[in-house]
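Architecture and fold: a report
Chain residues, written in single-letter form:
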Amino acid sequence: MTGDETREGVTLTNLDQPLFDGAEATKRDLVDYLDAIAGRLVPALRGRALSVVRVRPGQEPFMQKNLPKYAPAWIERVSVWAEASHRQVTYALCNDRRTLIWFGNQRAVEYHPALWAGDHFTHLVLDLDPPEGSESFGLAVRAAFLVRQALAEAGLAGAVKTSGAKGVHVFVPVEAGVPAEDLAAATRALGARAERVDPSLATTAFIREDRAGKVFIDSTRAGGATVVAAYSPRIRPGVPVSFPVPWSDLDRVAPRDFTVRTVPALAGAGDPWAEAMPAPQRLPADLVEEGHTIPVARVQAMHEGKRRARARRNES
């Protein structure tokens, strides 16, 4: 039995197949979840170039950026020049429930939209990635409060959500028209300020071996980067979901609280992510100025990696 059916004009196939090893869920569970949460997830994706992570039976998960040639003509799309690969990439725009259900039928589990919509960037994002260990999420939560303090001291406010894995994401909506380089600079400055609040807990060190068991404040999610959307499932055991949490409740939840089975009821009739998001804010000039004095992490890490490699060769 394949469990085939049609929703929103989309023919769904193999609904009773396991979603992936360890999911404890079927493809039907994924589609049912996306259908139930579409009224919240689609607004988080609308107008944004979308990358998805798909998982096929017997294969490793893979990220798909280019919309496949076999995709229906009714899916809206946008063509973007990818500087890294020197090519045009045609991204889907998931602007409606029908498109979301089509992606669910393609076994797209994770939804990673761009941080820009239309012609402007909309959010500054800090991704808090804790070290491995049983207390990892609790450490990420503590680091999130460092970020919140740094934001408050800069006159800014943000919304917070679980990453759906072991970390936490802080989103700060910004006014339209911020140049990409200024947004990236402000992100670096906020990361550095949060680190200074408690350097024994958090670090902005991009090279993993330099983090010394601390929470990594990833301030590189700017420009062409993507971040998993609020309400997106993750390819993890039990299919957890990236879910918005009030700041007042953040230290009282765990990632396993939010799964494709629990989130539709937890979200209720409203949209907790939209309700938690402050109005767009102007970035303080001193924050942007400070950020421009901080080296770009990936570039700095590349040069440092080469320096260390030369040092090892000289020693040997």
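Residues numbered from 1 in each chain as written. Predicted model: local features only at pLDDT ≥ 70, side-chain atom pairs only at ≥ 80, totals over all residues. Heavy atoms only, no water.

Some thoughts on the overall build of the protein
Along the backbone of the protein there are eight helices and 14 strands. Against the globule reference of 20 Å for 316 residues, the protein gives a C-alpha radius of gyration of 20 Å, in line with a compact fold. Based on the C-alpha atoms only, the size of the protein along its principal axes is roughly 60 × 45 × 40 Å. Here the protein holds 316 residues, and 53% of them are scored as buried. Long-range contacts, defined as pairs at least 24 residues apart, comprise 70% of the intrachain contacts of the protein with a sequence gap of at least 6. Accessible area of the protein: about 14700 Å², with a carbon and sulfur share of 51%. Between the mean site of the 39 positive side-chain charges and the mean site of the 38 negative ones, the protein shows a separation of 4 Å. (Helix = DSSP H or I, 4+ residues; strand = E, 2+ residues; numbered from the N terminus. Rg over C-alpha atoms; globule rule 2.2 N^0.38 Å. Buried < 20%, exposed > 50% of the residue type's maximum accessible area, 1.4 Å probe, protein only. Contact = heavy atoms within 4.5 Å. Areas by Shrake-Rupley, 256 points an atom, 1.4 Å probe, with all protein chains shown as cover. Lys, Arg positive; Asp, Glu negative; His and termini not counted. Charge placed at Lys NZ, Arg CZ, Asp CG, Glu CD.)

What to know about the UniProt feature "domain: DNA ligase D polymerase" (unreviewed entry) in the protein
Those places that UniProt annotates as "domain: DNA ligase D polymerase" (unreviewed entry) correspond, in this numbering, to residues 26-273. For residues 26-273, the end-to-end C-alpha separation is 26 Å, with 29% helix and 22% strand making up the annotated structure. (UniProt positions renumbered as here; feature names shortened; annotations may be inferred.)

Quick look at the pattern of salt bridges
Inspection of every chain in the model, using the stated rule, returns 17 salt bridges. We note a salt bridge from Asp 35 to Arg 7, for which the minimum N-O separation is 3.1 Å. One end of the pair, Asp 35, is in helix α1 (residues 27-45); the other, Arg 7, is in strand β1 (residues 5-7), with 28 residues separating them in the sequence. The pair Asp 35 / Arg 7 is uniform in exposure class, with both members buried. (Salt bridge = Lys/Arg side-chain N within 4 Å of Asp/Glu carboxyl O.)

Describing unusual backbone geometry
Phi at Glu 8 takes a positive value of approximately 55 degrees, unusual for a residue other than glycine. With respect to the secondary-structure elements, Glu 8 resides in the loop between β1 and β2 (10-12). Classification of Glu 8 as partly exposed rests on a relative accessible area of 45%. Its identity as a non-glycine residue notwithstanding, Val 239 has a phi of 50 degrees, on the positive side. Assignment of secondary structure puts Val 239 in the loop between β14 (215-218) and α5 (263-267).

A closer look at α1
In a regular helix each residue adds 1.5 Å, so 19 residues correspond to 27 Å; α1 covers only 21 Å between its end C-alpha atoms and thus falls short of that length. Directly beyond the C-terminal end of α1, a positive phi value near 75 degrees is found at Gly 47. (Expected span 1.5 Å × (residues − 1).)

Some remarks on the packing of helix α3 (residues 136-153) against helix α4 (residues 180-197)
Orientation of α3 relative to α4, taken along the N-to-C sense of each, is 115 degrees, at an axis distance of 8 Å. For the pair α3 and α4, the sense of crossing is right-handed. Facing Leu 146, Val 147, Gln 149, Ala 150 and Leu 151 of α3, the residues of α4 in contact are Leu 190, Arg 193, Ala 194 and Val 197. (Axes fitted to C-alpha atoms, helices over the stretch in contact; angles between N-to-C directions. Left-handed = near helix turned anticlockwise from the far one by under 90°.)

Quick look at the nonpolar core
As a rule of thumb, nonpolar side chains are buried together in soluble globular proteins. By size, the foremost hydrophobic cluster in this structure holds 94 residues, and its most contacted members are Leu 100, Phe 103, Tyr 111, Leu 124, Leu 128 and Leu 283. A total of ten residues in this core trace back to one element, the largest contributor, which is α1. Setting aside its immediate chain neighbours within four residues, Leu 100 contacts Leu 34, Ala 38, Leu 41, Val 42, Leu 45, Cys 94 and Tyr 111. (Core = buried A, V, L, I, M, F, W, Y, C linked by side-chain atoms within 4.5 Å.)

Details of the packing of aromatic side chains
In this structure the tally under the stated criterion is eight aromatic pairs. An angle of 80 degrees between the planes, with centres 5.3 Å apart, marks the rings of Phe 171 and Trp 273 as edge-to-face. Here Phe 171 is found in strand β12 (residues 168-173), whereas its partner Trp 273 is found in helix α6 (residues 272-276), with 102 residues between them in sequence. Phe 171 gets classed as buried once you look at its relative accessible area, which sits at 7%. For Trp 273, a relative accessible area of 9% translates into the label buried. Judged by centre distance (6.2 Å) and plane angle (75 degrees), the rings of Phe 206 and Phe 216 are edge-to-face. In this pair, Phe 206 is assigned in the loop between β13 (202-203) and β14 and Phe 216 in strand β14, connecting sequence segments ten residues apart. The exposure class of Phe 216 is buried, given its relative accessible area of 6%. Grouping aromatic residues by their ring pairs yields a cluster made of Tyr 70, Trp 102, Phe 103 and Tyr 111. Arg 98 extends its terminal NZ or CZ atom over the ring of Trp 74, reaching a point 3.8 Å from the ring centre. (Phe/Tyr/Trp six-rings, centres within 6.5 Å; stacked < 30°, edge-to-face > 60°. Lys NZ or Arg CZ within 6 Å of the ring centre and 35° of its normal.)

Let's talk about the sheet that holds strand β11 (residues 159-162)
Two strands in a sheet stick together by hydrogen bonds in their backbones, pointing the same way (parallel) or opposite ways (antiparallel). Across the sheet, five strands lie side by side as β11-β12-β10-β14-β13; this open sheet has mixed pairing. Two strands in the sheet have a free side with no partner beyond their single neighbour: β11 and β13. The strands touched by α3 are β10 (123-129), β11, β12, β13 and β14; relative to β12, the strand with the most contacts, the crossing angle is about 20 degrees. Lying on the sheet, α4 is in contact with β10, β13 and β14; it crosses β10 at an angle near 40 degrees. (Pairing = 2+ DSSP bridges.)

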